[in-house]
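For reference, the chains in residue letters:
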Amino acid sequence: MQAATGPDRDRGLLWRLTRDGRSSWLYGTLHVGKPAWRRLGPQLTAALRASDVLALEIDPADPALLAALAELQPASLPPESLQARLARAYTRACISRDAMATLHPVLQATTLMVLEARWLGMDPTYAMEQLLSAQARTLGRRVVSLESAAQQTQALIPEDEAEARTVLDQSLQQLEDNSARRVLQRLSAAWEQGSLATLEDYGSWCECAANEADLAFMKKLNDDRNPLLADGIAAQHAQGKRVFAAIGAFHMTGEQALPKLLAQRGFKVERISFGK
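Quantities reported herein were computed from a predicted structural model and do not represent experimental measurements.

Rules and cut-offs
Residues numbered from 1 in each chain as written. Predicted model: local features only at pLDDT ≥ 70, side-chain atom pairs only at ≥ 80, totals over all residues. Heavy atoms only, no water. 1 Å grid on protein atoms, 1.4 Å probe; cavity = no way out; pocket = protein on both sides within 12 Å on 5 of 7 lines; lining within 4 Å. Points joined across faces, edges and corners; volume = space filled by probe spheres on them. Helix = DSSP H or I, 4+ residues; strand = E, 2+ residues; numbered from the N terminus. Nonpolar A, V, L, I, M, F, W, Y, C, P; charged D, E, K, R; others polar. Core = buried A, V, L, I, M, F, W, Y, C linked by side-chain atoms within 4.5 Å. Buried < 20%, exposed > 50% of the residue type's maximum accessible area, 1.4 Å probe, protein only. Contact = heavy atoms within 4.5 Å. Lys, Arg positive; Asp, Glu negative; His and termini not counted. Salt bridge = Lys/Arg side-chain N within 4 Å of Asp/Glu carboxyl O. Polar contact = N/O pair within 3.5 Å; in protein donor to acceptor, adjacent residues only side chain to side chain. Pairing = 2+ DSSP bridges. Axes fitted to C-alpha atoms, helices over the stretch in contact; angles between N-to-C directions. Phe/Tyr/Trp six-rings, centres within 6.5 Å; stacked < 30°, edge-to-face > 60°. Lys NZ or Arg CZ within 6 Å of the ring centre and 35° of its normal.

(A) Just empty space enclosed by the protein, in detail. Under the definition given, this model contains 3 cavities of 30 Å³ or more. The volume enclosed by the largest cavity comes to roughly 50 Å³. Taken together, Pro 74, Ser 76, Pro 78, His 104, Pro 105, Val 106, Glu 161, Ala 164, Arg 165 and Leu 168 make up the lining of the largest cavity. Elements with a minimum of two residues in the lining of the largest cavity: helix H4 (105-115) and helix H7 (161-176). The element that contributes the greatest number of residues to the lining of the largest cavity is H7, accounting for 4 residues. Here the residues of the lining of the largest cavity sort into 6 nonpolar, 2 polar and 2 charged. Its volume calculated, the second largest cavity comes out at about 40 Å³. Lining the second largest cavity, in full, are Arg 9, Asp 10, Arg 11, Tyr 27, Trp 37, Arg 39, Leu 40, Gly 41, Leu 44, Met 128 and Trp 191.

(B) Summary view of the layout of surface pockets. Approximately 170 Å³ is the volume found for the second largest pocket. Along the walls of the second largest pocket sit 13 residues, with Leu 72, Thr 153, Ile 157, Pro 158 and Glu 159 positioned nearest its centre. Of all the elements in the fold, those that place two or more residues in the lining of the second largest pocket are helix H6 (149-156) and H7. Ranked by the residues each element gives to the lining of the second largest pocket, the list is headed by H6, at 3 residues. In terms of residue class, the lining of the second largest pocket is made up of 7 nonpolar, 4 polar and 2 charged.

(C) Up close: the nonpolar core. The biggest cluster of nonpolar side chains holds 52 residues, and the ones touching the most others in it are Leu 26, Tyr 27, Leu 132, Phe 244 and Ile 247. Filtering out sequence-adjacent residues up to four positions away, Phe 244 remains in contact with Leu 14, Trp 25, Tyr 27, Leu 44, Ala 47, Leu 48, Ser 51, Val 53, Leu 54, Ala 55 and Leu 132. Within the second largest apolar cluster, 27 residues are counted, among which are Leu 86, Leu 103, Val 167 and Leu 168.

(D) Structural detail: the side chain of Glu 129. By the secondary structure assignment, Glu 129 is in helix H5 (residues 128-138). No salt bridge is formed by the buried Glu 129. Its closest oppositely charged neighbour is Arg 225, at 9.0 Å. There is a polar contact of 2.9 Å between the side chain of Glu 129 and the side chain of His 31. The residues touching Glu 129, leaving out its near neighbours within four places in the chain, are Thr 29, Leu 30, His 31, Leu 56 and Gly 248.

(E) Local environment of the sheet that holds strand E6 (residues 268-272). The 6 strands lie next to each other as E4-E3-E5-E2-E1-E6, forming an open sheet whose pairing is mixed. In the strand order of this sheet, the two ends are held by strand E4 (142-145) and E6, each with one partner. If you compare each strand with its neighbour and ignore which way they point, the axes differ by 25° on average. As defined by bridge partners, strand E1 (residues 13-19) adjoins strand E2 (residues 22-29) across 7 bridges and the pair is classed as antiparallel. From the neighbouring strand, Leu 13 faces E2, where its bridge partner is Gly 28. Across the sheet, helix H1 (residues 42-49) lies against E1, E2, strand E5 (243-248) and E6, angled at about 125° from E5, the strand it touches most. Strand contacts of H5: E2, strand E3 (53-56), E4 and E5, with the helix running at about 160° to E3, the strand carrying the most contacts.

(F) Inspection of the pattern of salt bridges at higher detail. All told, the structure shown has 15 salt bridges when counted by the stated rule. Among the ionic pairs, Glu 270 bridges to Arg 16, the shortest N-O distance being 3.6 Å. Taken together, the residues Glu 270 in strand E6 and Arg 16 in strand E1 connect sequence positions 254 residues apart. Judged by its relative accessible area of 27%, Glu 270 is partly exposed. For Arg 225, the salt bridge identified is with Glu 147, shortest N-O distance 2.8 Å. Here Arg 225, found in the loop between helix H11 (212-221) and helix H12 (226-238), pairs with Glu 147, found in the loop between E4 and H6; they are 78 residues apart in sequence, far enough to count as distant. The pair Arg 225 / Glu 147 is uniform in exposure class, with both members buried. Through salt bridges with shared partners, one network takes in Arg 9, Arg 11 and Glu 192.

(G) Spotlight on the packing of aromatic side chains. Taken as a whole and assessed by the stated rule, the structure comprises 4 aromatic pairs. Judged by centre distance (5.1 Å) and plane angle (80°), the rings of Tyr 202 and Trp 205 are edge-to-face. A residue pair is termed a helical-turn pair when its members lie 3 or 4 positions apart in one helix, as Tyr 202 and Trp 205 do in helix H10 (residues 202-205) at 3 residues. Since its relative accessible area comes to 6%, Trp 205 is described here as buried. Aromatic ring contacts, followed pair by pair, group Tyr 202, Trp 205 and Phe 250 into a single cluster. A cation sits over an aromatic face here: Arg 19 above Phe 267, 4.3 Å from the ring centre. If you follow Arg 271 out to its NZ or CZ, it ends over the ring of Trp 15, 5.3 Å from the centre.

Below you can see the structure in the form of structure tokens.
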């Protein structure tokens, strides 16, 4: 609570997008956060107030998302060895397995990886998407999703059963060797400092295998979604709206980085520097 009452400070990565005589905003977010981050800094607050609509990958309050996640199930259960490792991961996280029993095993492991942030003083409850959507609604702003629930689930879980089990195995390995926690710590520090260069260099410090299958899955999870996200932002702006688009920070990296794609769509894209 003391941290939550500290000074307001801008964090993350922000760009101004100018086209058709008006400005929208692109903000790279982190899907976990600290209590102190509930207080947005002055430049973020001004950008949100100057916007007409908050555009997210998907609105976390959308009931269709929860329904889609609950309906998505594997064709068969993972091998007993993977089930046993998943059960041990729940025990280490001090969470009842019943809490996420209806979710696909890959989603269960992914959620447990995100919850590793609790060991670092962070929690998904304070994710920037959650904080921004609450503030936007308080301001009377509309919240829209740039993707559908089906598109989100297709990105998160491989359709191929063998590939899904490989992702599950790797996620459990990252929980077992604590690399998930170490990577989260470095990721959150880079995000808080607004270090785009560190995020771009993720492959050198992610402690993840860099084989072709892993690279293909990361491309599907990140790069392949960016053109649709860019089109959605551009479409909202074309309707005469000033958009505050808040999207995961990794979507700002690589050859298909959102700032690059939006520049190709005719926006003047300017990175906003936050004072330290």
